[in-house]
Structures are given as structure tokens and as C-alpha cells.
Amino acid sequence: MDFSLSKPQKEIQKAAWEFAKGEFDKELIIEWSKEQRFPETLIKKSGELGFIGIHYPEDIDGGGMGLVENVLVGEAFCRKDSTLGAALMFTGYASECILRFADKNLKTKFLPDLMNGQLISTGAFSEPGQGGDISQIRTNAVKKGDAWQINGKKALVPFGGMAGLYVVLCSTDPNTAPTHGMSLILVEAGREGASVHHLPEKLGGRLMPFADITFDQVTVPESHLIGTQGNGYQHAQSFFTENRIQIAGLALGTAQGAFDRALDYVRQREQFGKKLAQFQVTRHKLASMAAKIEAARYLTYFAAWSFDNKKLEPRFASMAKMTAARTAVEVADEAIQLLGGYGYMTEYEVEHFYRDAKQAEIFQGPPSVQKDIIADALIGKLK
Ligand SMILES: Cc1cc2nc3c(=O)[nH]c(=O)nc-3n(C[C@H](O)[C@H](O)[C@H](O)COP(=O)(O)OP(=O)(O)OC[C@H]3O[C@@H](n4cnc5c(N)ncnc54)[C@H](O)[C@@H]3O)c2cc1C
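Worth saying up front: this structure is predicted, and the values here are computed from it rather than measured. Each chain carries its own residue numbering, running from 1 in the written order of its sequence. The predicted origin of the model limits local features to residues at a pLDDT of at least 70 and limits the giving and counting of side-chain atom pairs to 80 or more, whereas totals for whole chains, interfaces and linings rest on all residues. In computing side-chain values, all of the structure's heavy atoms are included and hydrogens and water are not.

Let's talk about the overall build of the protein
Thinking step 1. To qualify as a helix, a DSSP run of H or I must reach at least 4 residues; to qualify as a strand, a run of E must reach at least 2; elements of each kind are numbered from the N terminus. Counting its regular elements, the protein contains 12 helices and 10 strands.
Thinking step 2. Taken over C-alpha atoms, the radius of gyration is set against a globule rule of 2.2 Å times the number of residues to the power 0.38. Against the compact-globule benchmark of 21 Å for 383 residues, the protein has a radius of gyration of 21 Å, which places it among compact chains.
Thinking step 3. By its C-alpha atoms, the protein is 80 × 55 × 40 Å across when sized along the principal axes.
Thinking step 4. Three labels apply to residues, based on accessible area from a 1.4 Å probe with only protein chains included: buried if under 20% of the type maximum, exposed if over 50%, partly exposed otherwise in between. With 383 residues in all, the protein has 51% of them scored as buried.

This is the structure in C-alpha cells:
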């Protein structure tokens with residue numbers, strides 16, 4: 001058993017950290033977050049440097065590496081800044097559906113621009129009436145000649161209105177069991193009949209705009225089917241499993257970034273004639289925070305490594321996301337407490353790490369959904 005990162009992995013981790021240190025400006029991030037303005041030039045830079053497509057094959061301009069490397073980049077970015085880090089890593093969201101399931105034409109047409117930061121992708125799975133339970137979605141796509149016509153409404157779509165392409169989960173065979181009657185369809189932005197309803201206010205993630213998207217007779221060529229017709233539910237679930245590991249990496253970086261700031265602070269701040277770091281209660285808090293982070297880290301790395309080695313059991317992706325997300329929320333909460341009144345102030349950053357941490361607990365399924373996946377795997381079929 002060898003728990004160490006390889007030399008190239010350490011180099012990638014260092015390169016991502018150096019990039020974030022050089023490009024993520026604290027004051028600008030606070031300003032952009034207030035204005036909810038996404039810094040588009042940074043997507044291009046991180047794409048050109050290979051961070052966005054690190055886990056994609058080289059023949060479509062990816063880095064030829066795996067999910068472990070993707071997680072290392074996400075962790076480093078979010079450690080430097082949870083808001084900007086997560087937003088940058090999400091610019092290629094759901095494009096894994098194209099990579100894993102689409103035919104060569106769709107891959108070569110769309111993926112290189114995503115890898116290079118020229119295009120943003122997103123996934124439209126949830127609906128106003130169906131979030132965790134996507135088997136009940138109502139958005140449908142009907143074949144009309146050599147095209148798909150899509151009708152329905154998708155909810156809480158990250159980069160909705162800003163993304164250049166949407167991976168949309170649709171019901172395509174309503175007479176079959178829902179889980180065997182869905183398909184994934186690629187829709188480019190700007191198609192007639194698609195309208196965007198922006199959702200301007202939210203707790204965190206303020207550099208990742210959200211929107212609901214309505215599809216009213218939106219027509220795309222039949223070649224925009226991603227994967228196999230009728231297997232959309234299975235393709236989506238498979239993508240969710242992969243994406244849960246990526247989210248775990250972002251949550252891990254968020255936890256580590258909040259911890260770093262708290263540690264720096266308690267080493268300097270004096271109260272009652274002592275450094276805060278000398279009070280036993282502070283020392284024990286730091287120890288608990290660090291232990292939680294390490295536990296989340298190795299679970300996340302293990303899940304990513306298992307994915308890359310085709311050994312992943314989905315329950316480990318759920319365990320990683322559930323554990324890393326809870327760790328981020330708890331560590332950021334303690335970090336604010338350790339900084340006291342200053343922790344509550346925007347300038348000291350842990351305030352936005354705390355707000356950002358919560359999104360990892362909802363997105364790609366709340367803890368209750370992860371626990372059901374884990375319990376199903378543990379208990380198996382009952383006689
Ligand atoms: C940051 C963020 C990013 C997102 N990105 C996307 C995206 O890219 N694409 C997309 O389509 N959607 C996205 N969403 C939507 C997200 O996937 C849904 O919000 C999520 O799946 C939960 O669905 P819901 O909000 O409808 O909650 P519901 O499914 O209604 O659940 C509400 C609450 O009920 C409880 N609950 C739910 N199911 C169970 C259960 N089985 N057992 C016990 N309790 C349960 C949980 O506490 C849960 O939090 C995003 C949301 C957020 C916050």
C-alpha cells in the first residue's frame with residue numbers, strides 16, 4: 001500500500017497552487033462576488049494552462065491524466081479561494097457526459113473549446129418539481145424528422161444563461177419505465193425557444209450564476225443525442241458518481257483553506273496575555289479540524305484513484321462527497337469561531353468559505369441521498 005502522490009501529481013498540485021496564488025486576488029474576488037461578475041479571462045488562462053481538461057484525453061486537447069489530478073487541481077484552487085476555485089472548476093461541468101458517452105463527432109466538435117476555456121458547459125438535470133429524484137423528470141424530447149424537439153423546464157442550472165452548451169436530461173420514451181425512457185441531449189446556447197430566468201441571489205457560490213431554463217419547442221439535430229437513446233438515466237447516474245468525487249475535491253480545498261486562515265490567525269492573535277494558539281481549547285479544535293480534513297482527503301483520493309483504475313464502487317463516491325462536504329461546513333464554521341468577530345467580516349475570507357461550503361452538501365444530492373446509496377450497497381437485496 002502506497003499513499004504518496006507520484007512526482008507528476010505533486011508537480012500538478014504545485015502548478016495549480018502557484019497559478020491560484022498568482023491569479024486569485026483577494027480584493028478582486030470580493031469585488032467580483034459583490035457584483036456577481038465572473039472573470040472570463042481567468043477561464044481562458046486556466047484552460048490554456050491545461051487545468052480545466054486535465055482529466056481528458058490528449059487527442060481532444062486534454063491533459064491525458066485522470067480524476068486524481070482533477071481533484072488535486074480543484075482542491076488547490078478552492079484552498080486559495082472557495083468561490084473562484086469552484087467556479088473555475090465548474091466551467092466544464094457535465095462535459096464528462098460528452099467524453100464518456102457521446103460519439104466522436106460531438107466530442108471533436110465541442111470538447112476542445114471546453115478544454116481551452118473558450119466555452120462553458122453545464123448540465124440541466126433538476127426540475128422545479130424533481131431534484132434528488134430525477135427518475136420523475138418531465139422535460140421531454142420528441143423525434144420530429146431528423147431532429148429532437150424539447151419541451152420542459154430545468155431548475156438551478158449553474159452558469160445558466162452563460163454556458164455555451166447544455167447537457168439536458170429528457171424523457172424520450174414515455175411508454176417505458178422512467179429509468180429506461182430517458183436520454184441526454186446536447187443543446188447549444190441561443191437555440192430558438194430556450195429562455196433563461198436568472199436566479200440572482202444565493203448564499204454562496206457567487207461567481208457561478210444560476211438560472212432556470214425553459215425549453216419551448218427547442219429543436220436540435222438528432223445527432224445531438226449523447227450516448228444511447230433510453231440510457232440517459234444510467235448515463236446521468238454514472239456522471240453523478242464521477243462528479244461527486246470532483247465535488248469532494250472542491251469541498252476538501254474549501255475546508256483546508258478555511259483551516260489555513262484559522263491557523264495563521266490563532267498563531268498571531270493574543271488575548272488574556274497569551275496567543276490564542278496556546279489555549280488548550282484552541283489546540284484541540286485545530287487537532288479535530290485537521291483530523292477531519294485528513295480523513296476526508298484520503299477518502300476522496302481513494303475514490304478518485306478507484307475511478308481511474310476502474311475499481312470504483314459508487315458508494316465510495318457518495319462517502320467521499322458526504323464526508324468532505326460536511327467537513328467543509330464544520331471546519332469553516334470553527335474557523336469563523338476562531339477568528340471571532342473578524343471571522344464574521346468579509347475581509348477575513350472565512351465568511352465566504354463558510355457560505356460556499358454549504359453548496360457541496362446540496363449539489364449532486366443531499367446527504368440523505370448519499371446515505372441511501374451507501375446503505376443500498378451495504379444491505380443489498382433483501383429476500
Ligand atoms: C450549488 C448547486 C449546484 C447545482 N447544480 C446543478 C446542476 O448542475 N444541474 C442540475 O440539474 N441541478 C443542479 N442543482 C440542483 C441540485 O441538484 C438539487 O438542488 C439537489 O439535487 C436537491 O434537489 P432539490 O433541491 O429538489 O431538493 P429535494 O430533492 O426536494 O430535497 C430537499 C431535501 O429533502 C431531503 N430529502 C430529499 N430526498 C430525500 C430522501 N430520499 N430521504 C430523506 N430525505 C430526503 C433532504 O434533506 C433534501 O435536502 C444544484 C444545486 C446547488 C445548490
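Details of the domain arrangement of the protein
Thinking step 1. Domain extents, as shown, originate in an automatic or database domain assignment. According to the domain assignment, the protein consists of domain 1 (7-115), domain 2 (121-230) and domain 3 (234-379).
Thinking step 2. Taken together, the contact pairs 28 residues of domain 1 with 33 residues of domain 3.
Thinking step 3. We define buried area as the total accessible area lost by two parts upon association, computed with a 1.4 Å probe and summed across both. Counting each side, the surface lost to burial between domain 1 and domain 3 is near 2,500 Å², with a carbon and sulfur contribution of 62%.
Thinking step 4. Sorting the residues of domain 1 by area buried against domain 3 places Leu67, Glu75 and Arg79 first, and these three jointly supply 24% of that buried surface.
Thinking step 5. Counted as salt bridges are all cases of a side-chain nitrogen of Lys or Arg within 4 Å of a carboxyl oxygen of Asp or Glu. The closest approach of N and O atoms between arginine 100 and glutamate 242, which form a salt bridge, is 2.6 Å.
Thinking step 6. We define a polar contact as two N or O atoms separated by no more than 3.5 Å, with the added condition that, inside protein, one atom must be a possible hydrogen donor and the other a possible acceptor, whereas residues neighbouring each other in sequence contribute only through side-chain atom pairs. At the boundary of domain 1 with domain 3, the tally comes to 17 residue pairs in polar contact (both at pLDDT 80 or more).
Thinking step 7. Elements supplying a minimum of two residues to the side of domain 1 that touches domain 3: α2 (26-35), α4 (67-80), α5 (82-89) and α6 (95-101). By definition, residues are in contact when any of their heavy atoms lie within 4.5 Å.

Brief notes about the packing of aromatic side chains
Thinking step 1. Stacked, tilted and edge-to-face are the three classes assigned to paired rings of Phe, Tyr and Trp, where Trp is represented by its six-membered ring and a pair needs centres within 6.5 Å; plane angles under 30 degrees give stacked, over 60 edge-to-face, the rest tilted. Scanning the model with the defined rule gives 19 aromatic pairs in all.
Thinking step 2. Aromatic side chains phenylalanine 302 and phenylalanine 316 sit 5.2 Å apart centroid to centroid with 85 degrees between the ring planes, which places their arrangement in the edge-to-face category. With a gap of 14 residues between them, phenylalanine 302 in helix α9 (residues 280-308) and phenylalanine 316 in helix α10 (residues 314-343) connect regions that are remote in the sequence.
Thinking step 3. According to the relative accessible area criterion, phenylalanine 316 is buried, its value standing at 18%.
Thinking step 4. Taken together, Phe90, Tyr93, Phe125, Phe239, Phe240 and Phe363 form an aromatic cluster joined through their ring pairs.
Thinking step 5. Here, a charge over a ring means that NZ of Lys or CZ of Arg falls within 6 Å of the ring centre while also lying within 35 degrees of the ring normal. Directly above the aromatic system of tryptophan 17 lies the positively charged group of arginine 79, at a separation of 5.3 Å from the ring centroid.
Thinking step 6. Over the face of the ring belonging to tryptophan 148 we find lysine 143, whose NZ or CZ atom lies 5.0 Å from the ring centre.

What about the side chain of threonine 172?
Thinking step 1. Mapped onto the fold, threonine 172 is located in the loop between β4 (165-171) and β5 (182-188).
Thinking step 2. A distance of 2.7 Å separates polar atoms of two side chains, one belonging to threonine 172 and the other to serine 183.

Things to note about the side chain of threonine 122
Thinking step 1. Tracing the backbone shows threonine 122 in strand β1 (residues 121-124).
Thinking step 2. For threonine 122, the residues in contact, after removing those within four places along its chain, are Tyr93, Ala94, Val157, Pro158, Ala163, Leu165, Tyr166 and Val167.

Some thoughts on the site of the ligand
Thinking step 1. Close to the ligand lie 18 residues; Tyr93, Phe125, Ser126, Pro158 and Phe363 are nearest.
Thinking step 2. Take tyrosine 93: an N or O atom from its side chain is 3.3 Å from an oxygen atom of the ligand.
Thinking step 3. Glycine 131 places a polar main-chain atom, nitrogen or oxygen, 3.4 Å from an oxygen atom of the ligand.
Thinking step 4. In isolation the ligand has 970 Å² of accessible area, and contact with the protein removes 62% of it.
Thinking step 5. Counting residues per element, the ones that place at least two in the shell around the ligand are β1, β3 (147-158) and α12 (367-379).
Thinking step 6. Amino acids outside the nonpolar list (Ala, Val, Leu, Ile, Met, Phe, Trp, Tyr, Cys, Pro) and the charged list (Asp, Glu, Lys, Arg) are all regarded as polar, and Gly is one of them. Of the residues that constitute the shell around the ligand, the class distribution is 10 nonpolar, seven polar and one charged.
Thinking step 7. There are two domains that each give the shell around the ligand at least three residues, and those are domain 2 (121-230) and domain 3 (234-379). Here a residue is near a molecule or strand as soon as one of its heavy atoms is found within 4 Å of it. Per-residue accessibility takes into account occlusion by the displayed protein chains alone, with areas from the Shrake-Rupley method and a 1.4 Å probe.

Remarks on the nonpolar core
Thinking step 1. Buried residues of nine kinds, namely Ala, Val, Leu, Ile, Met, Phe, Trp, Tyr and Cys, make up a nonpolar core once their side-chain atoms join them within 4.5 Å. Of all hydrophobic cores here, the largest spans 119 residues; its most connected members are Phe77, Ile98, Phe125, Ile150 and Ile185.
Thinking step 2. Counting residues per element, this core draws most heavily on helix α8 (residues 232-268), at 16 residues.
Thinking step 3. The contact partners of isoleucine 150, leaving out residues within four places of it in the chain, are Thr139, Asn140, Ala141, Cys170, Ile185, Val187, Phe215, Asp216, Gln217, Val218 and Val220.

Regarding the packing of α4 against α5
Helices that pack against each other are described as a pair by the angle of their axes relative to one another and the distance between those axes.
Thinking step 1. A fitted line through C-alpha atoms serves as each axis, taken over the contacting stretch for helices, and the angle formed by two N-to-C directions is quoted from 0 to 180°. Put simply, α4 and α5 touch, their axes get as near as 6 Å, and they point 150 degrees apart. Relative to α5, the element α4 lies roughly antiparallel. For α4 against α5, the interelement crossing comes out right-handed. Note on element contacts: α5 touches α4 through Ser82, Gly85, Ala86, Leu88 and Met89, opposite Asn70, Val73, Gly74, Phe77, Cys78 and Lys80.
Thinking step 2. Here the contact of α4 with α5 is built from residues that sort into six nonpolar, four polar and one charged. Should an angle fall under 35 degrees it is taken as roughly parallel, and over 145 as roughly antiparallel, whereas 65 to 115 is taken as roughly perpendicular and any remaining angle as oblique. For any pair of crossing helices, the crossing counts as left-handed if the nearer helix is rotated counterclockwise from the farther one by less than a right angle, and right-handed if it is rotated clockwise.

Focus on the environment of alanine 124
Thinking step 1. By the secondary structure assignment, alanine 124 is in strand β1.
Thinking step 2. Exposure remark for alanine 124: the relative accessible area of 0% places this residue in the buried category.
Thinking step 3. Along the sequence, alanine 124 and alanine 287 sit 163 residues apart, while their C-alpha atoms lie 40 Å from each other.
Thinking step 4. Contact partners of alanine 124, with chain neighbours within four places excluded, come to Lys154, Val157, Val167, Val168 and Leu169.

Comments concerning a nonpolar patch on the surface
Thinking step 1. Patches in this entry comprise residues that are over 30% relatively accessible and not in a salt bridge; like charges within 9 Å are linked, as are nonpolar side chains (Val, Leu, Ile, Met, Phe, Trp, Tyr) within 5 Å. The grouping of Met1, Phe3 and Tyr298 at the surface amounts to a nonpolar patch, some 450 Å² of accessible area in total.
Thinking step 2. If you trace the backbone, methionine 1 turns up in the segment before α1 (7-23).
Thinking step 3. The exposed category is assigned to methionine 1, whose relative accessible area is 92%.

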